[in-house]
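Chain residues, written in single-letter form:
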Amino acid sequence: MDDILSRLRGFPQFKDLPEPILARLAPAARTRVLAPGELLFRQGTPREALYLIAEGQLEVFRDHGGTVEPLIVMGPGEALGEGAMFSDAPHSASARALGRVALAELTREALRDALSGDGAAAWEVLGRIGRLMTRRLTYASSREVGLAKAYASGGTRREHDLLGERDVPQDALYGIQTLRAVENFPITGIRLSHFPALVRSMAMVKQAAARANLKLGLLAPEVAAAIDRACQEIVDGHFHGHFVVDMVQGGAGTSTNMNANEVIANRALELLGQARGEYAGCHPNNHVNLSQSTNDVYPTALRLATQFTLRGLVAALERLKDTLDAKADQFGSVLKMGRTQLQDAVPMTMGQEFRAFAVTTGEDIARLRETVRLFLELNLGGTAIGTGINADPRYPQLAIDELRKITGLDLVRAENLVEATPDTGAFVLFSGVLKRVAVKLSKMCNDLRLLSSGPRCGLAEIELPAVQPGSSIMPGKVNPVIPEVVNQVAFQVIGNDLAITLAAEAGQLQLNVMEPIIAFNLLQSMEMLTSAIDTLDRLCLRGIKAHPERTREMVERSIGIVTALVPALGYERASEIARDALTSGTPVRDLVLARGYLAEAELDELLSPEAMTRPRPMFPRDGAL
């Protein structure tokens with residue numbers, strides 16, 4: 001009991017809670033120990049309890065149809081699952097132990113029983129939990145202006161820069177330069193925090209810089225350690241709500257860099273036992289940004305974020321390919337007409353059609369993996385224009401070595417930092433591959449919409465899953481809404497590629513100041529494609545049904561099968577049969593038999609699915625070839 005009481009006192013929700021209330025709560029809480037990898041709760045299951053971590057770390061992650069998105073790593077002194085105190089609504093994420101984890105568990109029912117009959121105690125406890133939830137929600141959204149939300153406490157602190165002094169919200173980890181950027185760039189409403197990979201990548205670059213500067217003796221050990229820990233917390237998913245600058249900004253990304261510098265500096269000050277904004281102990285520029293410039297930090301972080309974000313896209317494409325391969329196997333015996341110029345061509349199997357989709361998807365995966373390797377080359381250490389001003393000559397290699405350890409990527413220093421600093425060619429090439437993926441994905445969706453057209457008056461060769469009613473006026477209508485939305489995502493990606501191309505062209509001299517729009521469009525393209533592919537896979541492709549009777553009927557009615565008779569009849573005679581079949585409506589098979597051109601057995605052999613859908617040995621015939 002004493003152990004539970006001491007643990008409860010250590011959590012923000014219960015700090016300074018009156019002892020009589022704590023005494024009521026202690027018997028309701030129970031201790032749990034999780035083994036490494038064990039799930040605490042699973043996404044989609046009902047919320048049951050508030051969990052207070054005493055030892056170890058928990059990773060909270062979300063599953064998007066197979067793509068796992070890490071959200072945050074939580075450790076001792078932190079709580080999760082507090083929403084269970086108010087509702088049994090399903091968990092929106094899962095949590096698993098990264099190692100051995102000890103925690104206190106307080107279920108909703110146990111809390112209710114412990115506080116029943118004491119309204120004041122219930123009000124106090126639930127109020128504290130409610131305030132915690134409100135605070136988290138305040139910093140969770142990236143769509144609204146973070147400045148207004150940060151004023152929730154009402155408190156401010158005074159900061160200054162070269163333009164003067166301003167009041168910064170006391171609750172904010174960011175500082176005056178971020179405040180100005182929020183005011184200056186109300187452009188898209190999409191904040192840095194919308195792209196966690198970019199926020200984490202910025203923190204990784206700052207962490208590597210701090211470790212390199214420590215090795216060079218340029219940072220005091222305690223300051224370097226505080227910066228290092230603050231960066232790791234951001235990498236683990238904490239404080240992302242304080243990255244409030246708009247993705248699209250002037251200044252070549254300076255506002256993004258300063259947002260990171262200020263958040264890290266203020267968190268480091270807290271870890272050092274000092275107040276936010278008291279920058280003598282840890283300064284955003286003098287310490288966090290030591291040996292760096294926006295012009296090497298920002299493109300380096302974007303290169304890392306591109307590689308991290310691509311992992312989800314490649315995983316989604318691999319699942320898509322697996323589904324297409326499975327459909328190819330399932331439809332391997334379904335005979336149908338192939339078409340060119342939307343006209344009947346020659347027979348094929350539906351399996352061949354879906355296998356082609358799978359193969360082209362595999363090619364896209366290979367191209368993406370090849371091209372993303374361009375982002376392993378960094379200009380880190382070049383500082384302002386690649387000359388390395390204000391950085392120790394040993395710093396660039398030290399920083400990249402540390403960044404390699406942090407990221408696990410095979411990062412290398414660019415051969416010429418002056419050339420690498422303004423160069424955005426890799427982004428143009430990679431965006432072109434994303435456009436290729438979008439174009440081919442959109443073409444596939446066009447085919448699906450055509451093949452499923454009908455259901456009575458179109459091709460109707462396949463049936464897409466019905467996911468929602470299709471019309472507000474036409475009863476019974478169901479539309480191919482999933483391929484349609486994927487088409488639209490493809491259009492956006494194609495447009496993003498043009499914006500990236502123009503931005504890369506717009507650079508001048510020793511820097512390309514248009515990199516923020518490159519970052520915004522590149523990351524948006526990857527995230528939208530990942531979501532679109534997952535949606536297409538889960539809600540459309542897996543549930544597609546073939547209509548083999550319909551497809552065989554069209555093959556038998558088509559004049560396209562006459563192509564299979566050319567080796568036996570010759571082109572001229574086959575053309576005659578095709579013309580007469582088209583004008584009279586008589587099936588090709590009946591015309592050939594009626595004119596005695598081929599025996600029935602030979603004709604059946606030539607018109608068999610095996611003969612019409614794959615190559616066969618050919619032998620000259622008299623009067624034919």
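Being a predicted model, the structure only gives us computed values, none of them experimental. (Residues numbered from 1 in each chain as written. Predicted model: local features only at pLDDT ≥ 70, side-chain atom pairs only at ≥ 80, totals over all residues. Heavy atoms only, no water.)

Per the secondary structure count, the protein includes 23 helices and 16 strands. Reported as C-alpha extents along the three principal axes, the dimensions of the protein are approximately 100 × 70 × 45 Å. Counting over 625 residues, the protein shows a buried share of 52%. Contacts in the protein between residues at least 24 apart in sequence constitute 73% of all its contacts with a sequence separation of at least 6. Of the roughly 27,900 Å² of accessible surface on the protein, a fraction of 54% belongs to carbon and sulfur atoms. Charge centroids of the protein, computed over 66 positive and 74 negative side chains, lie 2 Å from each other. (Helix = DSSP H or I, 4+ residues; strand = E, 2+ residues; numbered from the N terminus. Buried < 20%, exposed > 50% of the residue type's maximum accessible area, 1.4 Å probe, protein only. Contact = heavy atoms within 4.5 Å. Areas by Shrake-Rupley, 256 points an atom, 1.4 Å probe, with all protein chains shown as cover. Lys, Arg positive; Asp, Glu negative; His and termini not counted. Charge placed at Lys NZ, Arg CZ, Asp CG, Glu CD.)

We now examine the sheet that holds strand β4 (residues 58-64). As summarised here, the arrangement of the 4 strands in space is β2-β7-β4-β5, forming an open sheet in which the pairing is antiparallel. One side of each edge strand has no neighbouring strand; the edge strands of this open sheet are β2 (39-41) and β5 (67-74). In this sheet, adjacent strand axes meet at a mean angle of 30 degrees when their direction is disregarded. When β4 meets strand β7 (residues 94-97), the two strands line up antiparallel, connected through 4 bridges. In the sheet register, F61 faces β7, and the bridge partner there is S94. (Pairing = 2+ DSSP bridges. Axes fitted to C-alpha atoms, helices over the stretch in contact; angles between N-to-C directions.)

Another aspect to go through is the state of the cysteines. Using the criterion set out here, one finds 0 disulfides in the structure. Looking at the unpaired C540, the closest cysteine sulfur is the one in C445, lying at 7.1 Å. The class for C540 is buried, based on a relative accessible area of 1%. (Disulfide = S-S within 2.5 Å.)

On to the environment of Q170, then. Following the sequence through the fold, Q170 ends up in the loop between β10 (164-169) and α6 (176-184). Residues Q170 and D113, spaced 57 residues apart in sequence, show a C-alpha to C-alpha distance of 38 Å. Here Q170 is in contact with G155, T156, R157 and R276, once residues within four sequence places are set aside.

How two helices pack is summed up by the angle between their axes together with the distance between the axes. The contact between helix α11 (residues 294-330) and helix α12 (residues 350-371) brings their axes to 8 Å, and the two run at 160 degrees. The angle between the axes of α11 and α12 places the two elements in the roughly antiparallel class. For the element pair α11 and α12, the recorded crossing hand is left-handed. Contacts from L310, L313, V314, L317, E318, L320, K321, L324, D325, K327, A328 and D329 in α11 reach G351, F354, R355, F357, A358, T361, G362, I365, L368 and R369 in α12. When its residues are assigned to classes, the contact of α11 with α12 shows 12 nonpolar, 3 polar and 7 charged. (Parallel < 35°, antiparallel > 145°, perpendicular 65-115°, else oblique. Left-handed = near helix turned anticlockwise from the far one by under 90°. Nonpolar A, V, L, I, M, F, W, Y, C, P; charged D, E, K, R; others polar.)

By the definition in use, this model includes 43 salt bridges. Residue R211 pairs with D228 through a salt bridge whose shortest N-O separation is 2.7 Å. You can see R211 sitting in helix α7 (residues 196-215) and its partner D228 sitting in helix α8 (residues 221-235), a full 17 residues away along the chain. We note a salt bridge from E576 to R595, for which the minimum N-O separation is 2.6 Å. In this pair, E576 sits in helix α20 (residues 571-584) while R595 sits in the loop between α21 (588-594) and α22 (600-606), placing the two residues 19 residues apart along the sequence. (Salt bridge = Lys/Arg side-chain N within 4 Å of Asp/Glu carboxyl O.)

All right, on to the confidence of the model for the protein then. Residue-level pLDDT values for the protein average 89, and 93% of them are 70 or greater. Between the elements of the protein, mean pLDDT differs from a low of 41, seen in helix α5 (residues 146-150), to a high of 98, seen in α7. Overall, residues 141-153 carries pLDDT values under 50, and its contacts beyond four positions in sequence, including any with other chains, amount to 30 contacts. (pLDDT = per-residue confidence, 0-100.)

Our next topic: the packing of aromatic side chains. Counted according to the given criterion, the structure contains 6 aromatic pairs. Judged by centre distance (6.5 Å) and plane angle (80 degrees), the ring pair of F195 and F520 falls under edge-to-face. You can see F195 sitting in the loop between α6 and α7 and its partner F520 sitting in helix α17 (residues 515-539), a full 325 residues away along the chain. Judged by centre distance (5.4 Å) and plane angle (75 degrees), the rings of F375 and F430 are edge-to-face. (Phe/Tyr/Trp six-rings, centres within 6.5 Å; stacked < 30°, edge-to-face > 60°.)

Within the largest apolar cluster, 118 residues are counted, with the highest numbers of intra-cluster contacts made by I227, F354 and L536. Here the element with the most residues in this core is α11; it accounts for 15 residues. Ignoring anything within four residues of it in the chain, the contact list for L536 reads L320, L441, C445, L448, I482, V486 and L541. (Core = buried A, V, L, I, M, F, W, Y, C linked by side-chain atoms within 4.5 Å.)

In space, the 4 strands of this open sheet follow the order β1-β8-β3-β6, with antiparallel pairing throughout. The open sheet has two edge strands, β1 (30-34) and β6 (79-80), and neither has a second partner.

Pairing between strand β11 (residues 335-340) and strand β12 (residues 343-349): 5 bridges, direction antiparallel. When the sheet's bridge partners are listed, R339 is paired in β12 with D344. Here β11 hands over to β12 after 2 residues, with Q341 in that stretch at a positive phi of 55 degrees.

Let's shift gears to a negative patch on the surface. Taken together, the side chains of E377, E415, E419 and D423 make up a negatively charged region of the molecular surface. Checked against the element boundaries, E415 lands in the loop between β14 (412-413) and α14 (417-420). Here E415 falls in the exposed class, since its relative accessible area comes to 82%. (Patch = residues over 30% accessible without salt bridge, like charges linked within 9 Å, V, L, I, M, F, W, Y side chains within 5 Å.)

This paragraph deals with helix α9 (residues 254-271). When the terminal C-alpha atoms of α9 are compared, their 25 Å separation across 18 residues agrees well with the 26 Å that a helix rising 1.5 Å per residue should span. Once α9 finishes, G273 follows within two positions and takes phi at roughly 80 degrees, a positive value. (Expected span 1.5 Å × (residues − 1).)

A few words now on the side chain of T361. On the secondary structure map, T361 appears in helix α12. For T361, a relative accessible area of 3% translates into the label buried.

Another aspect to go through is the packing of α11 against α17. α17 packs onto α11 with a crossing angle of 15 degrees between their chain directions and a minimal axis gap of 9 Å. The orientation of α11 with respect to α17, classified from their angle, is roughly parallel. The interaxial crossing formed by α11 with α17 has left-handed handedness. Its residues assigned to classes, the contact of α11 with α17 comprises 18 nonpolar, 5 polar and 5 charged.

This part takes up a nonpolar patch on the surface. Where nonpolar side chains cluster on the molecular surface, the patch consists of V439, F491 and I494 and spans about 270 Å² of accessible area. Relative accessible area serves as the criterion here: at 32%, I494 is assigned to the partly exposed category.

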